[in-house]
Amino acid sequence: MAGKPVLHYFDGRGRMEPVRWLLAAAGVEFEEKFLKTRDDLSRLRNDGSLMFQQVPMVEIDGMKLVQTRAILNYIASKYNLYGKDVKERALIDMYAEGMADLDEIVLHQPYVPQEEKEANLAKIKDKARNRYFPAYEKVLKSHGQDYLIGNRLSRADVYLVELLYHVEELDPTVLANFPQLKALKTRVSNLPTVKKFLQPGSQRKPYEDEKCVELVMKIFH
Ligand SMILES: N[C@@H](CCC(=O)N[C@@H](CS)C(=O)NCC(=O)O)C(=O)O
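Residues numbered from 1 in each chain as written. Predicted model: local features only at pLDDT ≥ 70, side-chain atom pairs only at ≥ 80, totals over all residues. Heavy atoms only, no water.

A.B. asks: Describe helix H3 (residues 68-78), with residues and values.
C.D. replies: Of the residues making up H3, those classed as buried are Thr-68, Ile-71, Leu-72, Ile-75 and Ala-76. Buried residues of H3, viewed axially, fall in a sector of 130 degrees; they line one side. Against the buried residues of H3 lie helix H1 (17-26), strand S3 (57-60), strand S4 (63-66) and helix H6 (155-170). A positive backbone phi angle near 60 degrees is found at Asn-80, which sits one or two residues after H3. (Buried < 20%, exposed > 50% of the residue type's maximum accessible area, 1.4 Å probe, protein only. Helix = DSSP H or I, 4+ residues; strand = E, 2+ residues; numbered from the N terminus. Arc of directions from axis to C-beta. Contact = heavy atoms within 4.5 Å.)

A.B. asks: Outline the site of the ligand, supporting the account with residue identities and numerical values.
C.D. replies: Taken together, Tyr-9, Arg-15, Arg-45, Gln-54, Val-55, Pro-56, Gln-67, Thr-68 and Phe-220 are the residues near the ligand. Note that a nitrogen atom of the ligand is positioned 2.7 Å from one of the backbone N or O atoms of Val-55. Between the ligand and Thr-68 there is a distance of 2.8 Å, counted from an oxygen atom to a side-chain nitrogen or oxygen. Protein contacts shield 71% of the accessible area of the ligand, which totals 510 Å² for the unbound molecule. Looking at side-chain class alone, the shell around the ligand contains four nonpolar, three polar and two charged residues. (Near = heavy atom within 4 Å. Polar contact = N/O pair within 3.5 Å; in protein donor to acceptor, adjacent residues only side chain to side chain. Areas by Shrake-Rupley, 256 points an atom, 1.4 Å probe, with all protein chains shown as cover. Nonpolar A, V, L, I, M, F, W, Y, C, P; charged D, E, K, R; others polar.)

A.B. asks: Which residues make up the pattern of salt bridges, and what are the values?
C.D. replies: One pass over the structure, following the stated rule, counts 15 salt bridges. For Lys-205, the salt bridge identified is with Glu-32, shortest N-O distance 2.8 Å. Of the two residues, Lys-205 is situated in the loop between helix H8 (192-198) and helix H9 (210-220) and Glu-32 in strand S2 (residues 31-34); the sequence distance between them amounts to 173 residues. For the pair Lys-205 and Glu-32, a shared accessibility class is recorded, and that class is buried. Asp-171 is the salt-bridge partner of Arg-129, the closest N and O atoms lying 2.8 Å from each other. A residue pair is termed long-range when its members are at least 10 positions apart, and Arg-129 in helix H5 (residues 114-143) and Asp-171 in the loop between H6 and helix H7 (179-189) qualify at 42 residues. When its relative accessible area of 30% is taken as the criterion, Arg-129 is described as partly exposed. Judged by relative accessible area, Asp-171 falls into the buried class, the value being 5%. (Salt bridge = Lys/Arg side-chain N within 4 Å of Asp/Glu carboxyl O.)

A.B. asks: Got a sec to walk through the domain arrangement of the protein chain? Specific residues and values, please.
C.D. replies: How big an interface is tends to be stated in terms of the accessible area lost upon association of its parts. Partitioning the protein chain into structural domains gives domain 1 (6-79 + 197-220) and domain 2 (86-189). Each partner contributes to the interface: domain 1 provides 22 residues, whereas domain 2 provides 20 residues. Counting each side, the surface lost to burial between domain 1 and domain 2 is near 1800 Å², with a carbon and sulfur contribution of 59%. Summed over the three residues of domain 1 that lose the most area to domain 2, namely Trp-21, Arg-69 and Tyr-207, the buried surface amounts to 30% of that side. Connecting domain 1 to domain 2 are three salt bridges. For Glu-169, the salt bridge goes to Arg-13, with nearest N and O atoms at 2.8 Å. The tally of links between domain 1 and domain 2 comes to six residue pairs in polar contact (both at pLDDT 80 or more). Class assignment for the residues of the side of domain 1 that touches domain 2 results in 13 nonpolar, three polar and six charged. (Domains from an automatic or database assignment. Buried area = accessible area lost by both parts, 1.4 Å probe.)

What follows is the structure in structure tokens.
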């Protein structure tokens, strides 16, 4: 039997958190090797483990995968979270790319300089409330089924629910006018695998605090 996937990243959300969520939702156990210093990153770079000298990197099925979306696509394909045909897959990709665009501003919030935090937060609120969340609400409302792609969980649902939690931490009332998104969040959160991941003590990471930001600066800058 193949060993558990090994995730190489720092001990924080960043770009690895969607990978943790997806593996957890698929019920896959994984190990984590945390980068703690610049030397840890240099070691991975020097031994040729990082194709573009960057993390996230995931060791899985004899491969050292980098590029977050490629990692997510592989996990989704392997664990049947990528639709049943090419059309469903195209929709999943389209939905997930929108999520990745929103996530790009969300995941940077702890790292933007103090004087830019307010503006970045305003941008997150605006994009979540007026662009991305209404679009996913409309999809769910249009077919009235349980998940973005009909009645089958996909990587898009898992990513969206992760984002709903993350944006709610920054903007607690953001879901007030999105009943479909609230229902999706409840539904996905109640899946046994996700429920377990949402419990304290799981490998889910908290919102990055100052200590984590300092660590990231030390490793990457
Ligand atoms: N497109 C890449 C971007 C990866 C990325 O920017 N990784 C950062 C850490 S979150 C990094 O390794 N930075 C160091 C560098 O770019 O040299 C992905 O999605 O995986």
